[in-house]
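Structure assessment
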2 protein chains.
Amino acid sequence: MRAKVTVMLKTGVLDPQGKAIAAALNTLGFAGVGGARQGKVIELDLAEADPDKAHAEVDEMCRRLLANTVIESYAIELE
Amino acid sequence: MRAKVTVMLKTGVLDPQGKAIAAALNTLGFAGVGGARQGKVIELDLAEADPDKAHAEVDEMCRRLLANTVIESYAIELE
């Protein structure tokens, strides 16, 4: 089973990387870009076949390693 | 209109960050993790309201700035 974890900075947390991307796009002539936020995506290959157990396991991975829950939120998709 | 761009390393391109994540998860006791790949996700706020035009614009942004198409592939989702 594969899991896709998306980790984004929480709303309100300053995102300098996103701001840099928006500014660079504006400079390149993409005037319609109002803002950008950057996050990370992690694709995991899991041995677990049960979706509920896999979700619980990935949730624990996010809390323990993949996301800093003080400033980041995460979303889990199973495929 | 919002666009979500996911940029991942192409298959076959070495992903040391993904390998480090998989190794760290194994060390933490998640033995079921066979592999991990890390990419980035960029959320864009666009002034463009037409989905076709927005997609074409974001595609150009990916080719010019957001992705290195030699080693990275990208996917665009409009919301």
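Attention here is on the structure that accompanies the text. Source: prediction; values computed, not measured. (Residues numbered from 1 in each chain as written. Chains lettered and ligands numbered in written order. Predicted model: local features only at pLDDT ≥ 70, side-chain atom pairs only at ≥ 80, totals over all residues. Heavy atoms only, no water.)

Across its full length, chain A holds two helices and three strands. Starting at the N terminus, the α and β elements of chain A follow one another as β-α-β-α-β. For 79 residues, the compact-globule formula gives about 12 Å, and the C-alpha radius of gyration of chain A, at 16 Å, lies well above that figure. Along the three orthogonal principal directions, the C-alpha set of chain A runs to about 45 × 25 × 15 Å. Within chain A, residue pairs in contact and separated by at least 24 positions form 68% of the contacts whose partners lie at least 6 positions apart. For chain A, the computed accessible surface area is about 4,200 Å², with 53% contributed by carbon and sulfur atoms. (Helix = DSSP H or I, 4+ residues; strand = E, 2+ residues; numbered from the N terminus. Rg over C-alpha atoms; globule rule 2.2 N^0.38 Å. Contact = heavy atoms within 4.5 Å. Areas by Shrake-Rupley, 256 points an atom, 1.4 Å probe, with all protein chains shown as cover.)

This part covers the pattern of salt bridges. Residues and elements named next belong to chain A. Taken as a whole, this structure holds eight salt bridges over all chains when the rule is applied. With a closest N to O distance of 3.1 Å, E43 and R2 form a salt bridge. With E43 in strand β2 (residues 33-46) and R2 in strand β1 (residues 2-9), this pair connects stretches of sequence that are 41 residues apart. A relative accessible area of 38% means that R2 is categorised as partly exposed. (Salt bridge = Lys/Arg side-chain N within 4 Å of Asp/Glu carboxyl O. Buried < 20%, exposed > 50% of the residue type's maximum accessible area, 1.4 Å probe, protein only.)

Counting along an α-helix, one turn takes 3.6 residues, and residues three or four places apart therefore face a common direction. Compared with an ideal rise of 1.5 Å per residue, which puts twelve residues at 16 Å, helix α1 (residues 16-27) of chain A spans 16 Å between its outermost C-alpha atoms and is within 8% of the ideal. All of the buried residues along α1(A) are G18(A), I21(A), A22(A) and L25(A). The buried side chains of α1(A) occupy one side of the element, clustering within an arc of 95° when seen end-on. In α1(A), those exposed residues whose orientation departs by more than 90 degrees from the buried face are P16(A), K19(A) and T27(A). Turning to α1(A), the residues buried within the fold contact β2 of chain A together with β2 (33-46) and α2 (51-66) of chain B. Positioned one or two residues after α1(A), G29(A) has a phi angle of 105°, which is positive. (Expected span 1.5 Å × (residues − 1). Arc of directions from axis to C-beta.)

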